[in-house]
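# Overview (structure and organization)
Here's the letter readout for the chains.
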Amino acid sequence: MDDSPYYAYVSPRVRYNRFGYYQRAQSVRSGLGRKFGGEAPWEIDLELGTGYREAHLSSDESISETLYTMTVKARWAVSDTLSVKLNWVNERSSREAYRTVTLGLRNKLTDKLGLKYEVLYRRAFPFDSIEKDGEFLAEIGLSYSF
């Protein structure tokens, strides 16, 4: 299905945050996506999906809930050696919503090896709490492409 701009995905996830609204959570998400571009030096993916989560709350309560997700991914090859990626993920349930934005740069050193710079911002919106929880993360590392 390389010629088709449409695709399906399955995405399992395990999270642990001792101080978060959900201390432990296991989920599986699935959905459909659509690619735009691809022939040019840029590509955009739009994904819509749903899923199921089992979680343990900080109040020692265990819950099961349905998830709804929307993701936008953008990639731009600025030059032969530099590429930019942007990921925006919105995940919602009956109790909480996550919004995560990631911006990354990859600078090729060789054909397979590169330097990777990434900035991530995640915002959690628990529906039963007035407090909002934000997280900012910056990383620099090596990347290897197959």
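Scope of this entry: the structure provided in the associated data block.

Analysis parameters
Residues numbered from 1 in each chain as written. Predicted model: local features only at pLDDT ≥ 70, side-chain atom pairs only at ≥ 80, totals over all residues. Heavy atoms only, no water. Core = buried A, V, L, I, M, F, W, Y, C linked by side-chain atoms within 4.5 Å. Buried < 20%, exposed > 50% of the residue type's maximum accessible area, 1.4 Å probe, protein only. Helix = DSSP H or I, 4+ residues; strand = E, 2+ residues; numbered from the N terminus. Contact = heavy atoms within 4.5 Å. Pairing = 2+ DSSP bridges. Salt bridge = Lys/Arg side-chain N within 4 Å of Asp/Glu carboxyl O.

### A closer look at the nonpolar core
Counting eight residues, the largest nonpolar core is built from Tyr21, Tyr22, Ala25, Ala55, Leu57, Ile63, Tyr98 and Ala124. Within the residue set of this core, elements represented by two or more residues are strand 2 (22–37) and strand 3 (42–57). Setting aside its immediate chain neighbours within four residues, Tyr22 contacts Asn17, Arg53, Ala55, His56, Leu57, Ile63, Glu65, Ser93, Arg95, Glu96 and Tyr98.

### What about the pairing of strand 6 (residues 96–108)?
By the bridge criterion, 11 bridges tie strand 5 (residues 82–92) to strand 6 in an arrangement that is antiparallel. Along strand 6, the bridge assignment pairs Leu82 with Asn107. In this structure, the hairpin formed by strand 5 and strand 6 is closed by a connection of three residues.

### Let's talk about the environment of Arg24
Tracing the chain through its elements places Arg24 in strand 2. Setting aside its immediate chain neighbours within four residues, Arg24 contacts Arg15, Tyr16, Glu54, Ala55 and His56.

### Notes on the pattern of salt bridges
Where charged atoms from two side chains of opposite charge approach closely, those side chains can pair. Under the criterion given, the structure shown has 11 salt bridges. Salt-bridge contacts for Glu91 lead to Arg29; the nearest nitrogen and oxygen are separated by 3.5 Å. Placement of the pair is Glu91 in strand 5 and Arg29 in strand 2, with a sequence separation of 62 residues. In this structure, Glu91 and Arg29 share a single accessibility class: buried. Glu65 is paired through a salt bridge with Arg53; the nearest N and O atoms lie 2.9 Å apart. With a gap of 12 residues between them, Glu65 in strand 4 (residues 62–77) and Arg53 in strand 3 connect regions that are remote in the sequence. Neither Glu65 nor Arg53 differs from the other in exposure class; each is buried. Via salt bridges that share partners, Arg13, Arg29, Arg53, Glu65 and Glu91 belong to a single interconnected network.

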